[in-house]
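Examination of the molecular architecture
Here are the chains, one letter per residue:
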Amino acid sequence: MLARTFGCCRYVYNWALRARTDAFFQRGERLSYHQLAVLLTDLKKQEETAWLSEVSSVPLQQALRHLDRAFRNFFEGRAAYPTFHKKHGVQAATYAANAFTWDGKHLTLARMETPLDIHWSRPLPKGCQPTSVTITKDCANRYFVSILVEEEIKHLSGVNKQVGLDLGLKSMVITSDGHTYGNPTFFAQDEKKLGKAQRRHARAKKGSQNRRKAQLKVARIHARIADRRRDSQHKLSTEIIRENQIVCVESLHVKNMVQNHTLAKAISDVGWSEFVRQLAYKAEWYGRTLIKIDTWYPSSKRCFDCGYVLDSLTLDIRSWTCPECGVQHDRDLNAAKNVLAAGLAVSACGEAVRPGAVKTKPGTSPRSRKAHS
Ligand SMILES: [Zn+2]
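These numbers were taken from a predicted model, which means no experiment stands behind them.

What follows is about the environment of Trp 102. Among the secondary structure elements, Trp 102 is positioned in strand β2 (residues 100-102). Judged by relative accessible area, which is 15%, Trp 102 ranks as buried. The sequence separation of Trp 102 and Gln 129 amounts to 27 residues, and the corresponding C-alpha distance is 7.6 Å. Sequence-distant contacts of Trp 102, defined by excluding residues within four places in its chain, comprise Leu 107, Trp 120, Leu 124, Cys 128, Gln 129 and Pro 130.

Before going further, it helps to examine the coordination of the zinc ion. The zinc ion binds to the protein through Cys 303 (SG), Cys 306 (SG), Cys 322 (SG) and Cys 325 (SG); the donor distances cover 2.2 to 2.3 Å. Coordination at the zinc ion comes from four donor atoms whose angles at the metal span 106 to 113°, giving a geometry best classed as tetrahedral. Considered as a linear motif, the donors of the zinc ion on their single chain read C-x2-C-x15-C-x2-C. Residue Cys 306 is located in the loop between β10 (289-293) and β11 (319-321), and its partner Cys 325 is located in the loop between β11 and β12 (328-330); the two are separated by 19 residues in the primary sequence.

This paragraph deals with the sheet that holds strand β5 (residues 143-148). Spatially, β1-β4-β5 is the arrangement adopted by the three strands of the open sheet, whose pairing is antiparallel. Here the strands that pair on one side only, and so sit at the sheet edges, are β1 (91-96) and β5. For this sheet, the mean inter-axis angle between neighbouring strands, taken without regard to orientation, is 15°. With six bridges connecting them, β1 and strand β4 (residues 132-137) associate as antiparallel partners. Bridge pairing in β4 links Tyr 95 to Val 133. Relative to β1, helix α1 (residues 2-27) is tilted by about 95°, and along the sheet it contacts β1, β4 and β5.

So, how was this worked out
- Positions within a chain are numbered from 1, following the residues in the order the chain's sequence is written.
- Per-residue local features of the predicted model are confined to residues with pLDDT of at least 70, and side-chain atom pairs are confined, for both listing and counting, to 80 or more; whole-chain, interface and lining totals are unaffected and use all residues.
- Side-chain measures were taken over the full set of non-hydrogen atoms in the model, leaving aside hydrogen atoms and water.
- Under the DSSP-based scheme used, a helix requires at least four consecutive residues in state H or I and a strand at least two consecutive residues in state E, with every element numbered from the N terminus.
- Each residue's exposure class comes from its accessible area (1.4 Å probe, protein chains only) as a fraction of the maximum for that residue type: buried when under 20%, exposed when over 50%, partly exposed otherwise.
- A contact between two residues is defined here by any heavy atoms of the two lying within 4.5 Å.
- Donor criterion used throughout: N, O or S atom within 2.8 Å of the metal, extended to 3.2 Å for Na, K and Ca. Water excluded; incomplete-looking sites may result.
- Key to geometry: four donors with every angle between 85 and 135 degrees are tetrahedral; four donors are square planar and six octahedral where opposite donors lie over 155 degrees apart and all remaining angles lie between 65 and 115; all other sites are irregular.
- One requirement defines pairing of two strands: DSSP has to find at least two bridges between them.
- To obtain each axis, a line is fitted to C-alpha atoms, and for helices this fit is confined to the stretch in contact; angles are then taken between N-to-C directions over 0 to 180 degrees.

Here is the structure:
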C-alpha cells in the first residue's frame, strides 16, 4: 500500500507541476492549490487514472500542498523552479490528522488495516496528539516515519559562558577557547568503500540485475555516511548549545564556496550550513542566543590581538604572524576569537558589524582595513 501511495503521490505531484507550468506558458495563468484540487477530483474520475482512487486521497492532496510550497519558495527567491519527482529518488507521502489513527502506541494509516511496524528511535512525548505523519523511503530502500507533534520544551537554566565558532578544515569546528571538534576524515574509510562501489556500478551492464544491485550498494553507503554525519552534528550542536549562553558563528555562503572545487569536498563534508541550522533551532528551544556574523567580516584575516587586517590569506596557510604586533596565530583559532568578539559587539550595541575606518599602512593596499571589535 505504501509503494502504491508513493507512486500515486509522485504522479499527482508531477501532473500538477506540468499543469501549472502549461497554464502559465499557454494562458499566463497561475493555478492555485484549490483549482488543482478540483482538477484532481476530475482526474480520479477518468478511466485511465482511476487507479488514483485506490490510495487514500489525503496524501494526494498533501502532494499538491508540497508543490504549492515549492512554488512559493520559487516565487519568493528561496529555491529554483520545482522539478519532477523521480521514480528512483526519495519517495514520500504525508498524512494529515484525518488520515491516520494514533492510540498512544500504534500508528495506523488510512486504507490500512494493521498498524505500522515501527522501530522507534525515541518515544513520542506522553499524551501528545500527532498532527501529521510523513512516510519516506530513501534510495537505500529504508522506510522512515516522521511525526509532527506539539511539545513544550523547557529552557535550560542560564550559564555564564559564551563562545565563538569557526569552521575549520582540519577539524569541523574550532572554538574561541581552543577546543576542536569533529574530523572531516572521519568518513575517509566510508569514502574508500564508496569509490569501490561506484566503480563496480559503472562497470555493470546497463539495465542488468547486477547493476541494480550495485546501485543499491552505492545508495546504502551514501546513507551510512549521511547518518553518521547527521549524528555527529547533532551531538556537537547540542553540546555547544547546552554549555554556552551565547554562541557566535559566521554565516558562510556555502553555495559560493562549493563552486571552488579544490575545497568543495572538504566544505560539503563538514556540512556547515546544516550545523548552523541545528544550532539555530536548538538555541531557540533551550533559551540560548545564536549570533550570526556576516561573511564579509574578515574574521580570518584580522589579528585578534591588535586588529590589523591582512590583505589576503590563502586557504593553505594554517598559521601566520601579525606584521604589526608580531603575535603568531593559528588561523582557525584566531578566526573563532574574532567571531566571538564581533558577535558580542553585535549583541551589546544591537548593530550590524561593519568594518570600521580604513587604515592604510605605507606599502599596503588601501583595501586593508582595520575592523573594530
Ligand atoms: Zn596583530
